[in-house]
Protein chains: 2
Amino acid sequence: MAEEPTVTPWEAEAFVDYSRLIKIFGTKPITDEVVELATEVLGEEHFMLRRRVFYSHRDFDVFLNAFKRGERVALYTGRGPSSHTHLGHILPWVFTKWLQDRLGAHLFFQVTDDEKFFHEVGAKLEGTNSMAYENALDIIAVGFDPSKTHLIIDSEDIRYLYPIACRVAKKVTYSVAKATFGFTQSTNVGMLFFPTIQIAVCFLPTELFRESTYVLIPAGIDQDPYWRIARDVAPTLGYPKPCQIHGKLLPGLGPEGKMSSSKPETAIYTIDDPEVARRKVMRAFTGGQPTAELQRRLGGNPDRCSVFKMLEMLLEPNDAVVERFRSNCLSGSVLCGECKRAVAEYVVKFLKEHQRRRERAKDLLPKFLIRNKFEPPAVRR
Amino acid sequence: MAEEPTVTPWEAEAFVDYSRLIKIFGTKPITDEVVELATEVLGEEHFMLRRRVFYSHRDFDVFLNAFKRGERVALYTGRGPSSHTHLGHILPWVFTKWLQDRLGAHLFFQVTDDEKFFHEVGAKLEGTNSMAYENALDIIAVGFDPSKTHLIIDSEDIRYLYPIACRVAKKVTYSVAKATFGFTQSTNVGMLFFPTIQIAVCFLPTELFRESTYVLIPAGIDQDPYWRIARDVAPTLGYPKPCQIHGKLLPGLGPEGKMSSSKPETAIYTIDDPEVARRKVMRAFTGGQPTAELQRRLGGNPDRCSVFKMLEMLLEPNDAVVERFRSNCLSGSVLCGECKRAVAEYVVKFLKEHQRRRERAKDLLPKFLIRNKFEPPAVRR
């Protein structure tokens, strides 16, 4: 476990001490009370809440109570299109889809081809924009409601965001941006401005619906710096403060780190051939012991096992099944090979289904693009 | 005359030593050779060139020669909509219209409601956007060709600029922006990004016409920092370096400074009642002597006279007439009151004609908006 967990919008470890993150970021843990409130308001409990895959929040309770009172709410999440989508990206989207279904809410889905272009050495805007459309297919494949899900591809849909971003930008000095994001003298001015583009989406629903709208953002806690600024400026701009719920990062299949495109052999991509994915699982780093003999004697450690985590955090909603995997591991009664074969089966099944939907998403894409559905908000209201 | 001329994009004196500005900014003076080349290529001499109202340039000769060779060219200028238009703003537009007529070129006219909003304490985007449309009427009233003149209102037409601005932004570090514009820790991030939006228009013609296009920018030398960065990044982005021609600032009617909205009594606005404008001229600070007796004996100083400068720089194309005013002043044979009455007549005539055209501009506006004429350039080319 990292002594000093590294979690910024551009870098994040896995197997971090999440209770420490809550302290560092100054957020609140998802307590039993919050889960109960969510279950009451949303009429159903989600395993990602119950298992604290979503573990931290800012004003999730405020958001739920606003919805309960009948106030207008919306959802917002995003994707930085630096690579093809992998299971680590899909995880919060599955939860977001459930939220959309339960709330009947509009979801604004930002794809930040601008930011990935600004940030990544050697990236071309053509490339990040092209990847935005690849990722869009995965987003659509998750099953969001086309009539209520609105994709914003930054470089092309900037008109929806820029006037709001301008109003945010006027309130954010270089000094604040530097302190919040760790910018330096050599940071490019695109990176310096970009936070206002990401923040703008928090306030877009209020502009589009011409009605004060509570926005909930399911995302990684690494994105928290954006929302801290958003929450600071919201009242002076006349918008409700955006609420957040923070998900844990799916570990990669290697010995450490989150599932990450920078280590492709540790990531299961949605476009991986299912048999390739199966082999990745079979080669994954686990929480098992060095030898079968030790494993049978001492048992494994499912909480440090990328294979078990995939099951627990994403692929198996049934608690009893998850607990069987856990206890089989702890007791040493099932060895890693057998366990991997079982989890690989889940992965293969997931990918086959996702890839079928992803193919269909090509036709559905126009129905999801915000530019085909809303007029940009007027600059003068 | 200011010892250290203050000329930045946000501040400028009048009666500055323009030859010193050329040295400070590292530009080239408009020489007789350049005027001859312009006259040859454009088929006509303009008094603002002959009188060196446009006195400095970067690659104006390169631009003229490109046009002569039959290469595609375009014009670009802009307006920061902080106030109603006054004669100091109109001056470069008159010259730009002449250039458009002679070149038959497209003109991209940027109205930076975003930048004025970022820069001015207490400004609202609604306000600067509203003023953008007021200024647009004056731009149109100057007589530009509607089929070839394209107004870009930044906050609304950002889609035309943002992808190009992103590519520029990736090449401009905070450190460079700070050194070029004097930004500080308390500069807001809108100001930090804005230069890329202004620079983007330099490259828009090449994108829209899908053909390498030489761009000439008639503007004040105070805008030079933007174009220095534009010229630095142009080759690596595959665009021709933008060329500039720099105009002098029309002096205000007070004892010092350019005509400026920060001193409304020293400025003649295009919407001023012509009789109000006449009174402003009659009250103007001149280059005359303290008493009529001294004036008759010593003569006045037309080169320090805001009233004479209005005539020489903007209102009277006929050199012989201008010289008569000058010699009458120098000899003391005409006193300031009489001279002012004559120049006020020019101003009244100018305003009446402009206001007639400005009224008609309300109907013409849609023909000038870029969003009604071009599709935004594709992000992936």
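About the criteria used
Residues numbered from 1 in each chain as written. Chains lettered and ligands numbered in written order. Predicted model: local features only at pLDDT ≥ 70, side-chain atom pairs only at ≥ 80, totals over all residues. Heavy atoms only, no water. Pairing = 2+ DSSP bridges. Helix = DSSP H or I, 4+ residues; strand = E, 2+ residues; numbered from the N terminus. Contact = heavy atoms within 4.5 Å. Axes fitted to C-alpha atoms, helices over the stretch in contact; angles between N-to-C directions. Buried area = accessible area lost by both parts, 1.4 Å probe. Salt bridge = Lys/Arg side-chain N within 4 Å of Asp/Glu carboxyl O. Polar contact = N/O pair within 3.5 Å; in protein donor to acceptor, adjacent residues only side chain to side chain. Nonpolar A, V, L, I, M, F, W, Y, C, P; charged D, E, K, R; others polar. Least-squares fit on C-alpha atoms with pLDDT ≥ 70 in both. Expected span 1.5 Å × (residues − 1). Buried < 20%, exposed > 50% of the residue type's maximum accessible area, 1.4 Å probe, protein only. Phe/Tyr/Trp six-rings, centres within 6.5 Å; stacked < 30°, edge-to-face > 60°. Lys NZ or Arg CZ within 6 Å of the ring centre and 35° of its normal. 1 Å grid on protein atoms, 1.4 Å probe; cavity = no way out; pocket = protein on both sides within 12 Å on 5 of 7 lines; lining within 4 Å. Points joined across faces, edges and corners; volume = space filled by probe spheres on them. Parallel < 35°, antiparallel > 145°, perpendicular 65-115°, else oblique. Left-handed = near helix turned anticlockwise from the far one by under 90°. Lys, Arg positive; Asp, Glu negative; His and termini not counted.

1. Section: the sheet that holds strand β7 (residues 149-153) of chain B
All names here are of chain B. The strand order β3-β4-β9-β8-β5-β6-β7 describes an open sheet built from seven strands, whose pairing is mixed. Where the open sheet ends on each side, the last strands, each with one partner, are β3 (28-29) and β7. In this structure, β3 lies alongside strand β4 (residues 54-58), joined through two bridges in antiparallel fashion. Bridging from a neighbouring strand, Pro29 pairs with Ser56 of β4. Across the sheet, helix α5 (residues 87-103) is in contact with β4, β5 (73-79), β6 (106-111), β7, β8 (214-220) and β9 (243-247); its angle to β5 comes to roughly 165°.

2. A few points about the interface of chain A and chain B
Listed per partner, the contact involves 43 residues of chain A and 43 residues of chain B. Where chain A abuts chain B, roughly 3,700 Å² becomes buried across the two surfaces, and 64% of that area is made up of carbon and sulfur atoms. Looking at the side of chain A facing chain B, the largest losses of area belong to Tyr162, Lys170 and Val189 of chain A, adding up to 20% of the total buried there. The tally of links between chain A and chain B comes to two salt bridges. Between Glu126 of chain A and Arg167 of chain B there is a salt bridge whose closest N-O contact spans 3.3 Å. Across the chain A-chain B interface, the total number found is 24 residue pairs in polar contact (both at pLDDT 80 or more). Of the residues in the side of chain A that touches chain B, the class split is 19 nonpolar, 13 polar and 11 charged.

3. Here's the deal with the relation of the copies chain A and chain B
For the pair chain A and chain B, the best superposition has an RMSD of 0.0 Å and corresponds to a rotation of 180° with a translation of 0.0 Å parallel to the axis. One copy is carried onto the other by what is essentially a two-fold rotation axis. A shared interface surface links the copies, since 100% of the contact residues of chain A are contact residues in chain B too.

4. Overview of helix α11 (residues 224-237) of chain A
All names here are of chain A. An ideal rise of 1.5 Å per residue puts 20 Å on 14 residues; α11 measures up with 20 Å between its terminal C-alpha atoms. Counting buried residues along α11, 10 of its 14 residues qualify, which places the element largely inside the surrounding structure. Of all the positions in α11, only Asp224, Pro225, Tyr226, Trp227, Ile229, Ala230, Arg231, Val233, Ala234 and Leu237 are classed as buried. Looking one or two places after α11, you find Gly238, whose phi comes out positive at around 85°.

5. Observations regarding the packing of aromatic side chains
Two measures describe an aromatic ring pair: the distance that separates the ring centres and the angle between the ring planes. Under the counting rule described, the total for this entry stands at 36 aromatic pairs over all chains. Ring pairing ties together the aromatic residues Tyr76, Phe181, Phe183, Phe194, Tyr226 and Trp227 of chain A, which thus form one cluster. Here Lys170 of chain B stacks its cationic end above the ring of Phe117 of chain A, 4.7 Å away from the centre of that ring.

6. A short note on the pairing of β9 of chain B
Residues and elements named next belong to chain B. The element β9 is largely enclosed, with a buried count of five among its five residues. Judged by which residues are buried, β9 turns out to be covered on both faces: Cys243, Ile245 and Gly247 on one side and Gln244 and His246 on the other are all buried. Pairing of β4 with β9, which is carried by four bridges, proceeds in the antiparallel orientation. Counterpart to Phe54 in the pairing with β9 is Gly247. Two strands pair when backbone bridges link them, and β8 and β9 are joined in this way by five bridges, in the parallel orientation. Bridging from a neighbouring strand, Ile217 pairs with Gln244 of β9.

7. Section: empty space enclosed by the protein
On inspection of all chains with the given rule, the structure shows three cavities of 30 Å³ or more. Taken as a whole, the largest cavity encloses approximately 90 Å³ of empty space. For the lining of the largest cavity, the per-class residue count stands at nine nonpolar, four polar and no charged.

8. Observations regarding the packing of helix α14 (residues 306-315) of chain A against helix α16 (residues 336-368) of chain A
Residues and elements named next belong to chain A. Contact geometry for α14 and α16: axes closest at 10 Å, N-to-C directions at 40°. What the angle tells us is that α14 and α16 run oblique. Here the hand of the crossing between α14 and α16 comes out left-handed. Contact residues: α14 offers Val307, Met310, Leu311 and Leu315, while α16 offers Lys340, Val343, Tyr346, Val347 and Phe350. When the residues that make up the contact of α14 with α16 are grouped by side-chain class, the tally is eight nonpolar, no polar and one charged.

9. A closer look at the packing of helix α7 (residues 125-141) of chain B against helix α16 (residues 336-368) of chain B
Helix packing geometry: the angle between the two helix axes and the distance between the axes. Residues and elements named next belong to chain B. Taken N-terminus to C-terminus, the directions of α7 and α16 make an angle of 105°; their axes are 7 Å apart at the nearest point. Considering their axes alone, α7 and α16 lie roughly perpendicular with respect to each other. Each of Tyr133, Glu134, Ala136, Leu137, Asp138, Ile140 and Ala141 in α7 lies in contact with α16, whose residues at this interface are His354, Arg357, Arg358, Ala361, Lys362, Leu364, Leu365 and Phe368. Taken together, the residues of the contact of α7 with α16 sort by class into nine nonpolar, one polar and five charged.

10. Overview of the pattern of salt bridges
By the definition in use, this model includes 60 salt bridges over all chains. Across the pair Arg50 of chain A and Asp319 of chain A runs a salt bridge, and its minimum N-O distance is 2.7 Å. Of this pair, Arg50 of chain A sits in helix α3 (residues 47-50) while Asp319 of chain A is found in helix α15 (residues 319-331), placing the two residues 269 residues apart along the sequence. Between Arg72 of chain B and Glu211 of chain B there is a salt bridge; the shortest N-O distance is 3.1 Å. Here the residue Arg72 of chain B occupies a position in the loop between α4 (60-68) and β5, and Glu211 of chain B occupies one in the loop between α10 (189-209) and β8, the gap between them amounting to 139 residues. The exposure class of Arg72 of chain B is partly exposed, given its relative accessible area of 28%.

11. Comments concerning the side chain of Glu316 of chain A
Residues and elements named next belong to chain A. For Glu316, the position within the fold is in the loop between α14 and α15. Arg51 provides the closest opposite charge to the buried, unpaired Glu316, separated from it by 5.8 Å. Leaving out residues up to four positions away in the same chain, Glu316 has contacts with Phe47, Arg51, Leu311, Val321, Val322 and Tyr346.

12. A closer look at the environment of Ala230 of chain A
Residue and element names in this part refer to chain A. Residue position: Ala230 is located in helix α11. Judged by relative accessible area, Ala230 falls into the buried class, the value being 0%. For the pair Ala230 and Phe181, spaced 49 residues apart in the sequence, the C-alpha separation amounts to 13 Å. What Ala230 contacts, discounting residues up to four positions off in sequence, is Ile199, Cys202, Phe203 and Pro242.

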